[in-house]
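Secondary and tertiary structure notes
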Amino acid sequence: MTESPTPYVLDADTMTGGMRPIRQAVLALGSNLGARLEKLQGGISALEDTPEVTVVAISSVYETDPVGGPDSAGKFLNAVVLIDTTLTVHTLLDRALAIEDAFGRERSEPGAPRTLDVDVIVVGNRLAEDEKLVLPHPRAHERGFVLVPWLEIDPEGEIPGKGFVADLIADVDTSGVTRREDLEIIL
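Residues numbered from 1 in each chain as written. Predicted model: local features only at pLDDT ≥ 70, side-chain atom pairs only at ≥ 80, totals over all residues. Heavy atoms only, no water.

This is how the line gets drawn: UniProt positions are given in the numbering used here, feature names are shortened, and annotations may be inferred rather than shown by experiment.
Going by an unreviewed UniProt entry, the chain carries the name 2-amino-4-hydroxy-6-hydroxymethyldihydropteridine diphosphokinase and comes from Aeromicrobium wangtongii. According to the UniProt record, the Pathway (unreviewed entry) comment for the chain reads "Cofactor biosynthesis; tetrahydrofolate biosynthesis; 2-amino-4-hydroxy-6-hydroxymethyl-7,8-dihydropteridine diphosphate from 7,8-dihydroneopterin triphosphate: step 4/4." Under the Catalytic activity (unreviewed entry) heading, UniProt states for the chain: "6-hydroxymethyl-7,8-dihydropterin + ATP = (7,8-dihydropterin-6-yl)methyl diphosphate + AMP + H(+)".

1. Describing the pattern of salt bridges
Any two side chains of opposite charge can pair, given that their charged atoms come close. To keep it simple, the criterion reads: In what follows, salt bridge is the name for a side-chain nitrogen of Lys or Arg lying within 4 Å of a carboxyl oxygen of Asp or Glu. The buried label goes to any residue with under 20% of its type's maximum accessible area, the exposed label to any with over 50%, and the partly exposed label to all in between, with areas taken from a 1.4 Å probe on protein chains only.
Summed over all chains, the structure comprises nine salt bridges. The salt bridge partner of Arg114 is Asp117, with a shortest N-O separation of 3.2 Å. Of the residues examined, Arg114 reaches a relative accessible area of 12% and is grouped as buried. With relative accessibility at 11%, the residue Asp117 sits in the buried group. Among the ionic pairs, Arg179 bridges to Glu181, the shortest N-O distance being 3.5 Å. On the basis of relative accessible area, Arg179 is assigned to the partly exposed category, the value being 42%. Taking relative accessible area as the criterion, Glu181 reaches 65% and is therefore assigned exposed. Ionic contacts of the salt-bridge type, sharing partners, join the residues Arg36, Glu63, Arg180 and Asp182 into one network.

So this is what it looks like as structure tokens:
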């Protein structure tokens, strides 16, 4: 005779709807104020310490010209991170904003210099547009400082509705994007 499972044991995740699919997400980090490499390192370490986030790949560090900011803005250090996550897109955005705040990010004018910028570029093939979040990031396909490091770590990368990173990069000015062989992010 086989025992049947007790009907009183419940899977809490199933009962609460807590089971979510694992999605790959792409985040772009940049800093052009203060100790730029330390800020990038800290931002990526904070992502790594986030529950329900696994850092899969980190690009090299790139130094890039500022885009769309004041003429006095200094060069950025940038990196792109691939993660696997079960976080909702809004929870991931909230975490990105909290990491920025922890590193002293001030939001004054668009394109202003910043201690740390953490942009959610894509989350799986999710499309979203509301008052807090637009996915994919609305200008990522135009930005060499996103596409060059992303292509380095994900040659098959794709921006939903825009195309493959390898194809998009051909239409973008990448002359101001320089890989810094002397700088490295360590986890």
